[in-house]
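Letter by letter, the chains look like this.
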Amino acid sequence: MEATRAAQSRSREAGGREPRSERGPGSPAELTSVARFEHGSRIPGWDDAVDLWKDPASIPDPAVVDVPADLRATIEAAMARYPDFRSAAIPALHAAQELHGWCSPAAIEQVACVMRLTPGYLTAVATFYDMLETRPVGRHAVYVCTNISCSLRGADALLDAVRAAAGDDPDFNVRGFECLGACDIAPMASVDGVYVGPLELADAERLVADVRAGGEVLADKQLIRRPCADPRAAGDGGAAGGAAPGKASAPGAEGSP
Amino acid sequence: MTELLLLKDIDEPGLNTLPVYERRGGYESLKRALAMPREEVLQNLLDSGLRGRGGAGFAMGKKASFLPKGSMDKYLVCNADESEPGTFKDRELMQKSPHMLIEGMIIAAWAADINRSFIYIRGEYAQQAAILDAAIEEARAAGYLGERILGSEHSLSLVLHRGAGAYICGEETGLLDSLEGKRGNPRLKPPFPANQGLYQGPTLINNVETLATVPHIIRLGGEQYAKLGTETSTGTKLVSVSGDVQRPGNYEIELGVPAREIVYGLAGGPLPGREIKLWFPGGSSSPVLTPAELDLPYDFDSMAKAGSMLGSGAIIVVDDTASVVDVTTKLATFYAHESCGKCTPCREGTNWTVKMLKRIDAGEATPMDLDIIASVQQQIIGNCLCVLGDAMAMPVGSLVAKFRDEFEAHIERRRAEAGLGAPLAEAVA
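Residues numbered from 1 in each chain as written. Chains lettered and ligands numbered in written order. Predicted model: local features only at pLDDT ≥ 70, side-chain atom pairs only at ≥ 80, totals over all residues.

Participant: Honestly, the overall build of chain B in this entry has me stumped. Any pointers?
Facilitator: If you tally the helices and strands in chain B, you get 18 helices and eight strands. Relative to its length of 429 residues, chain B is compact, with a C-alpha radius of gyration of 23 Å against a globular reference of 22 Å. In terms of principal-axis extent, the alpha carbons of chain B reach across some 80 × 45 × 35 Å. Counting every position in chain B, which comprises 429 residues, the buried fraction comes to 61%. Put simply, 71% of the contacts in chain B that link residues at least 6 apart link residues at least 24 apart. (Helix = DSSP H or I, 4+ residues; strand = E, 2+ residues; numbered from the N terminus. Rg over C-alpha atoms; globule rule 2.2 N^0.38 Å. Buried ≥ 20, exposed ≤ 12 C-beta atoms within 10 Å, placed from the backbone. Contact = placed C-beta atoms within 7 Å.)

Participant: Please clarify how the interface of chain B and chain A should be interpreted in this entry.
Facilitator: When the parts of a complex come together, some accessible area is lost, and that lost area is often used as the size of the interface. The interface is formed by 76 residues belonging to chain B together with 71 residues belonging to chain A. It is helix H13 (residues 324-338) of chain B that contributes the most residues to the side of chain B that touches chain A, eight residues altogether. Residue classes in the side of chain B that touches chain A are distributed as 29 nonpolar, 25 polar and 22 charged. (Nonpolar A, V, L, I, M, F, W, Y, C, P; charged D, E, K, R; others polar.)

Participant: Hey, could you run me through the sheet that holds strand E4 (residues 194-196) of chain A in this one?
Facilitator: Picture the strands of a sheet paired through backbone hydrogen bonds; they go either parallel or antiparallel. All names here are of chain A. Pairing is mixed in the open sheet, where four strands are placed in the order E2-E1-E3-E4. The outermost strands of the open sheet, each flanked by one partner alone, are strand E2 (172-177) and E4. Strand-to-strand, the axes of this sheet are offset by a mean angle of 20°, without reference to chain direction. Relative to strand E3 (residues 189-191), strand E1 (residues 140-145) runs antiparallel, the two sharing three bridges. Looking at the pairing, Val 142 lines up with Val 191 of E3. (Pairing = 2+ DSSP bridges. Axes fitted to C-alpha atoms, helices over the stretch in contact; angles between N-to-C directions.)

Participant: Before we go on, may I ask you to explain the environment of Leu 180 of chain A in this structure?
Facilitator: Assignment of secondary structure puts Leu 180 of chain A in the loop between E2 and E3. Taking the C-alpha atoms as reference points, Leu 180 of chain A and Ala 155 of chain A, separated by 25 residues in sequence, lie 12 Å from one another. In contact with Leu 180 of chain A, not counting residues within four places along its chain, are Tyr 143, Cys 145, Met 188 and Ser 190 of chain A together with Glu 124 of chain B.

Participant: Help me out: how do you make sense of the packing of H13 of chain B against helix H16 (residues 388-402) of chain B in this one?
Facilitator: Packed helices, taken two at a time, are described by the angle between their axes plus the distance between the axes. Residue and element names in this part refer to chain B. Contact geometry of H13 with H16 gives a least axis separation of 10 Å together with a crossing angle of 170°. The angle between H13 and H16 falls in the class roughly antiparallel. Where H13 approaches H16, its residues Val 324, Thr 328, Leu 331, Ala 332, Tyr 335 and Glu 338 are matched on the opposing element by Leu 388, Ala 391, Met 392, Pro 395, Val 396 and Leu 399. (Parallel < 35°, antiparallel > 145°, perpendicular 65-115°, else oblique.)

Participant: What's the story with the domain arrangement of chain B in this structure? I'm lost.
Facilitator: Residues and elements named next belong to chain B. Segmentation of chain B into domains returns domain 1 (18-226), domain 2 (236-319) and domain 3 (324-428). Put simply, the middle of domain 1 and the middle of domain 2, counted by C-alpha atoms, are 27 Å apart. Facing 13 residues of domain 1, the contacting portion of domain 2 comprises 16 residues. (Domains from an automatic or database assignment.)

Participant: In this structure, what is going on with unusual backbone geometry? I would like to understand it.
Facilitator: Note: most residues except glycine have negative phi, and most peptide bonds are trans. The linkage connecting Gly 197 of chain A with the following residue, Pro 198 of chain A, adopts the cis geometry, with an omega of -10°. By the secondary structure assignment, Pro 198 of chain A is in the loop between E4 and helix H8 (203-213). Here the residue pair Pro 190 of chain B and Pro 191 of chain B is connected by a cis peptide bond, since its omega of 5° sits within 30 degrees of zero. Residue Leu 150 of chain B is not a glycine yet carries a positive backbone phi of 50°. Tracing the backbone shows Leu 150 of chain B in the loop between helix H7 (126-141) and strand E3 (157-162). The residue Tyr 199 of chain B is not glycine, and still its phi comes out positive at about 45°. Locating Tyr 199 of chain B in the fold gives a position in the loop between helix H8 (172-179) and strand E4 (203-207).

Participant: So what exactly am I meant to see when it comes to the sheet that holds strand E8 (residues 314-319) of chain B here?
Facilitator: All names here are of chain B. Here we have four strands laid out as an open sheet, ordered E6-E5-E8-E7, and mixed in their pairing. Each of the sheet's edge strands pairs with one partner strand only, and the pair in question is strand E6 (249-254) and strand E7 (276-280). Strand-to-strand twist of the sheet, defined as the mean angle between neighbouring strand axes without regard to direction, takes the value 30°.

Participant: Explain the environment of Ser 233 of chain B to me, please; I cannot follow it from the model alone.
Facilitator: All names here are of chain B. Inspection of the secondary structure puts Ser 233 in the loop between helix H10 (222-226) and strand E5 (236-243). Residue classification places Ser 233 among the buried positions, given that 23 C-beta atoms sit within 10 Å. Along the backbone, Ser 233 and Asp 301 are 68 residues apart, and their C-alpha atoms lie at a distance of 7.4 Å. Setting aside anything within four residues of it in sequence, one finds Ser 233 in contact with Arg 51, Leu 255, Gly 256, Asp 299, Phe 300 and Asp 301.

Spelled out as structure tokens, the structure:
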């Protein structure tokens, strides 16, 4: 295996028409892979003997579970918005995660107590979704998109750069992520929900510094301020930040067929 | 075409607020629609020939007409879980013109006699969700949402629901399960959502762009709208162009223009000194096409005839500096990660495909593995509850078929690097 790696890196150094991406097998640049357990199953302990005498986890007793008043109010408001209260499971878990930093057993228990659901049900929901963390993580979520359009523009190297810039700071949760729906600013990242791009490797340090400073992240690269690419979309009011390149000579590409 | 529908003045400052949207003629279509009997509104949608903009391309008016008549709990769900790689058109619409979507939803709900509606927006779109929430609040305060809208007999509630990061929740039945507070596993169809959807009630599910087009159809009239585009692909479409082009972004085109005009004319073509190697015409789930096929008209039927699909209208351009094996591995890894795990062919097929592609990169594969990869794709297609597996199998199958030479060269090179170069012929035999 070592020899294989060495051979691969030699060939890359040799140059030639090598693909841009430096992604090798098992490189950290990939999406967090779905965990596999015995015999390749996705379910841990799937072939362990079942304890038939064990009681199922029950709905937590409101008398013994201490739920913060804010969280309870948020969850109850969410439950009231839907015809079926169960629909509030994801908003409730989002709220609990915001408070606890992740969907910890205590967080799940509090949600279960307010929603009158079993912790097992909520754990099943939480493990399904990428944004609900079922392990302790840093409180600043930095998702670097590593899907096709972004990787064509160097996302894998960017993810490595952001990881390196964040170092082992426990406040950061840097992840390679599925397509975030912003391929126009590839390569891009979502920093605590704020989209920034197109990023260069040098922006990684700035991104981490901005998060640590607590202010706006890469204010000049935020998607929210970016005008539409279509040169004809700029309104009479004039687009803030100017129109896309090529506005003056809008191509007459729109001929009716 | 000189007139933009969806992107017109989209960058006007404050268009996301009600006063500016109204000054731009917003909610006029709603007033017109509410003045008509609902059958006439539905007829306009049918006449428009508008096909769903989310990927499947099913006629929107027809889908609305499938809902049973009579008074019962019916639901309208806007699918804003835009997660098909390469697609980012709905994001721009929701962020800059949220009221266009809300107006479209109110009209569509009127046409299909629906009183409860939801927008399921992907969890990652936090900023867009905040903008939409503010817009919904404005619309409610102005009487566009709620009981007896503008004095008519139409009532509608609208709830914005944020997802939490799962590609499969863009699949309509997976979305419904997720909206019901469960894991987003797709359901068996039939029953189709039009009969049994959200909370077991009849449900109309449409993409953001589809619903945002509705006010324009009412403004122009269905028949007039149908004159745009081609006979079977009417109207205008937002195209998200990304990848190796000079000006990636959203462009509004009339369906039927040659794809070359989109990729070269609007998006500026490949970067200087590079050539296009391949392109995905409708997101990463669509089988890839070659540069020669850029001359095809960009519409639903032409793309289907070429063996691909228009999908969500996301063109991803890949140029000659990219490795096809890398692109394929990226793609397969994504689908393996996003498979919900319910159906075996998809869960294991995507997993195997990734493993086999990694063997290529590790120098452990032979060209025979390409046949196995191709056969695995064939075993996935059509054998699952939803099309997530197909969404990997179709592009991977097309990549292996169309770029077999490059795959084989890559296999040879990696084998040589791993010290397995010489006895390849024996290994195959």
